[in-house]
Amino acid sequence: MFPCVSTAFSSITLCSTTRILNQQTRNTFVLKRRTPPNLYKKNEKPDRLRGRHFVYDLVEDTTIKKKPNLEVVLTSFVEGIGSKGDVVSLKPNIAYNKLLLPGLAVYKTPEAITKYATLKEQKETQLHSSAYAQRTVNKLEELILAVVMNKDHPWVIERWHIKASLRKAGYYVPEHAIILPETPISGPDMLKQNKEFYCTVTINNLEKAQLRCRIHHWSTEPSERLPYVFEHWKMQAEPLFGDSSVSEKK
């Protein structure tokens, strides 16, 4: 009896390196023999396999195989993806982590399509004109637009000035979508240099973005130009019409 007990506990040590937690994974590898064995006749003993018969070539590895997109039905508006009731096709990891787990979408089924399409038709007011409209609003409100005006000749800021400044920044906005402050802004006036005011930009006749603008004077004569300020958009700027007007625009 004692020899059996000693044999059973001989493999147990205090410094055992055996892994306790092992996570199972589902992997499939499709292999092909590099040298197939010869066929044998019926009722005959198969030939003995040699070492060359156990050499395999990898045909397919499912762990690195690209998975097809997953189709889901949105249960609410998701910025950059779609509106409620839309059927979208996304990568599996994006669909799982950003839509299915937070409850923003459900799997595409005929019942889900009918249910959320009905709710979409019953919606009275349209909150978003498109899936990317809110993203455009966020980009415009993060922008600090430099409105460069002439230092030598009189001017009054009009909508086409804001349109030209936006075009230089990479945004195309029609003039009718720009709303200027009620108080006219005229110059040149060095007291308004780097002062900040707000314009309203309307997107698709629905969403509105509050655009921060700063006045910068520029002269065609190099000797009359103001000294360059490095990364001036990161500096604090005073409001052009006082703190109250800025807070109202926000």
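Small disclaimer: the values here were computed from a predicted structure and weren't measured.

Asker: Outline helix H2 (residues 92–100), listing residues and values.
Answerer: Within H2 the residues assigned to the buried category are Pro92, Ala95, Leu99 and Leu100. The buried residues of H2 occupy an angular sector of 90 degrees when the element is viewed end-on, so they sit on one face. The outward face of H2, more than 90 degrees from its buried face, is lined by the exposed residues Asn97 and Lys98. The elements touched by buried residues of H2 are strand E3 (70–74), strand E4 (87–90) and strand E5 (105–107).

Asker: Which residues make up the environment of valine 72, and what values do they have?
Answerer: Looking at the element boundaries, valine 72 is found in strand E3. The buried category is assigned to valine 72, whose relative accessible area is 0%. The residues touching valine 72, leaving out its near neighbours within four places in the chain, are Asp86, Val87, Val88, Ala95, Leu99, Leu100, Ala105, Val106 and Lys108.

Asker: Go over the environment of histidine 232, please, and point to the residues and values.
Answerer: Position of histidine 232 relative to the elements: it lies in the loop between strand E11 (207–218) and helix H6 (243–249). Along the primary structure histidine 232 and asparagine 194 are separated by 38 residues, whereas in three dimensions their C-alpha atoms are 8.7 Å apart.

Asker: Kindly report on helix H4 (residues 133–142), identifying the contributing residues and their values.
Answerer: Restricting attention to buried positions, one finds in H4 the residues Ala133, Val137 and Leu140. What you see down the axis of H4 is that its buried residues fit within an arc of 70 degrees, all on one side. Against the buried residues of H4 lie helix H5 (159–168), strand E10 (196–203) and E11.

Asker: Describe in detail the nonpolar core, supporting the description with residues and values.
Answerer: Counting 24 residues, the largest nonpolar core has Ile157, Ile162, Leu166 and Phe197 as the members making the most contacts within it. Broken down by secondary-structure element, the contributors of at least two residues to this core are H4, strand E6 (144–150), H5, E10 and E11. Leaving out residues up to four positions away in the same chain, isoleucine 157 has contacts with Val147, Met149, Ile162, Leu180, Ile185, Phe197 and Ile215. Ranked by size, the runner-up nonpolar core spans 9 residues in total, among them Val78, Val88, Ala95 and Leu99.

Rules of the game
- Residues numbered from 1 in each chain as written.
- Predicted model: local features only at pLDDT ≥ 70, side-chain atom pairs only at ≥ 80, totals over all residues.
- Heavy atoms only, no water.
- Buried < 20%, exposed > 50% of the residue type's maximum accessible area, 1.4 Å probe, protein only.
- Helix = DSSP H or I, 4+ residues; strand = E, 2+ residues; numbered from the N terminus.
- Arc of directions from axis to C-beta.
- Contact = heavy atoms within 4.5 Å.
- Core = buried A, V, L, I, M, F, W, Y, C linked by side-chain atoms within 4.5 Å.

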